[in-house]
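# Survey of secondary and tertiary structure
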Amino acid sequence: MSIIDGKAISAGIREELKKEVAALKVQGTVPGLAVILVGDDPASAVYVSNKEKACEEIGIRSAVHRLSAQTSQESLIELIKSLNADKAIHGILVQLPLPKPLDPLVVLRAVNPDKDVDGLHVVTAGRLFVGEKGFIPCTPRGIMHLIKSTGIEISGKNAVVVGRSNMVGKPVAHLLLGENATVTICHSRTRNLDAICANADILVAAIGRPGMITGDYIKPGAVVIDVGTTKVDGKLKGDVLFEEAVNKAAFITPVPGGVGPMTITMLLANTLEAARMYG
Ligand code: GUN
């Protein structure tokens, strides 16, 4: 059994990105990321501050737009349009969830897909679906990185993704399919979930139900990626019951310190890519 150290892998990538950002600056382009935070969800506020800090650490210019929960959809879309037109901004991220009645799908559609470093625009999702080049959503890109860090061959393996969100489950399933895995997507209505998971060489748990994936769900020798981050009694808990799964898996990510640190790192990587392509 080996624990995948997302924190260390992430730190290594950020060091590389820092050098690449510096090299791009010498050529006259300073990568710029705009982050839009609407409302006062405390978790979102922390995520956005972490993104701001991470940008600063590697030399990406970030501009955070903090808007009130009463912001109208029209004015939010106007802001996005002005950022689309801003040559100093290469990436635009709208922090989710948006307060009601804002419609995330409509708002996200206002982002220029060439600046969609979060990978959530419908065009970006379509590009991933058909296998065209485009931004890869940050958490799925981080997950693929962690799976590849184990050195296992993905091609031909049974991969099971538990969860079907637009942000994680669906895109990660497409990425695994793109690497020639045989992919099964499971969700809250799936029958015999334990038996399906127990056949997974690669198991990605992204359901948001702490500790639901017990040892019985794990195939001996599997790679287990835990995307869950639910706060229980003030502590972050994954979807996988780590103390049981760790004895069966060949590789497993901890929570915290697994997938979490990779998400922001991949946002930085996507922003650098955007600045290189369109800077
Ligand atoms: N909320 C939680 N995670 C994310 C993310 O990766 N991107 C955005 N836009 N919102 C989020």
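As shown above, the structure is provided for reference.
Let us look at the structure shown here. (Residues numbered from 1 in each chain as written. Predicted model: local features only at pLDDT ≥ 70, side-chain atom pairs only at ≥ 80, totals over all residues. Heavy atoms only, no water.)

Attention now moves to the site of the ligand. Taken together, L93, V94, Q95, L96, D118 and M167 make up the full set of residues near the ligand. Residue V94 places a main-chain N or O atom 2.8 Å away from a nitrogen atom belonging to the ligand. In this structure, Q95 approaches the ligand through a side-chain N or O atom, which is 3.1 Å from a nitrogen atom. Classifying every residue of the shell around the ligand gives 4 nonpolar, 1 polar and 1 charged. (Near = heavy atom within 4 Å. Polar contact = N/O pair within 3.5 Å; in protein donor to acceptor, adjacent residues only side chain to side chain. Nonpolar A, V, L, I, M, F, W, Y, C, P; charged D, E, K, R; others polar.)

For the rest of this paragraph, the subject is helix α1 (residues 6–26). The terminal C-alpha atoms of α1, which comprises 21 residues, lie 30 Å apart, in line with the 30 Å expected from a rise of 1.5 Å per residue. Of the residues making up α1, those classed as buried are G6, S10, I13, R14, L17, V21 and L24. Around the axis of α1, the buried residues are gathered within 110 degrees of arc, so they sit on the same side. Exposed residues lying more than 90 degrees from the buried face of α1 are K19 and V26. Structurally, the start of α1 carries an N-cap: the backbone nitrogen of K7 is 3.2 Å from a side-chain oxygen of D5. G28 sits one or two residues past α1 and shows a positive phi near 100 degrees. (Helix = DSSP H or I, 4+ residues; strand = E, 2+ residues; numbered from the N terminus. Expected span 1.5 Å × (residues − 1). Buried < 20%, exposed > 50% of the residue type's maximum accessible area, 1.4 Å probe, protein only. Arc of directions from axis to C-beta.)

The next point concerns the state of the cysteines. Should the sulfur atoms of two cysteines be covalently bonded, the bond is a disulfide. Within the structure shown, the criterion is met by 0 disulfides. Not part of a disulfide, C138 finds its nearest cysteine sulfur in C55, a span of 11 Å. Among the residues examined, C138 registers a relative accessible area of 5% and is labelled buried. Just so you know, C186 is unpaired, no disulfide at all, and the nearest cysteine sulfur is the one on C197, 5.5 Å from it. (Disulfide = S-S within 2.5 Å.)

With that out of the way, let us pick up the pairing of strand β7 (residues 202–205). On any regular strand, side chains alternate: one points to one face of the sheet, the next to the other face. Neither face of β7 is left uncovered, since the one carrying I202 and V204 and the one carrying L203 and A205 both have all their residues buried. With 4 bridges joining them, strand β5 (residues 158–162) and β7 adopt parallel strand pairing. The residue of β7 that forms the bridge with V162 is A205. Alignment of β7 against strand β8 (residues 223–226), held across 4 bridges, turns out to be parallel. (Pairing = 2+ DSSP bridges.)

Reading across the sheet, the 6 strands line up as β1-β11-β8-β7-β5-β6 and stay open at both edges, with parallel pairing between neighbours. Because the sheet does not close on itself, it has two edges, and the strands there are β1 (2–3) and β6 (182–186). Relative to strand β11 (residues 251–252), β1 is paired through 2 bridges, and the arrangement is parallel. Across the sheet, the residue bridging to S2 is F251, located in β11.

Next up on the list: the environment of A22. When you line up the elements, A22 lands in helix α1. Residues A22 and G59, spaced 37 residues apart in sequence, show a C-alpha to C-alpha distance of 7.2 Å.

From the geometry alone we can't say anything about function, so treat these as descriptive.
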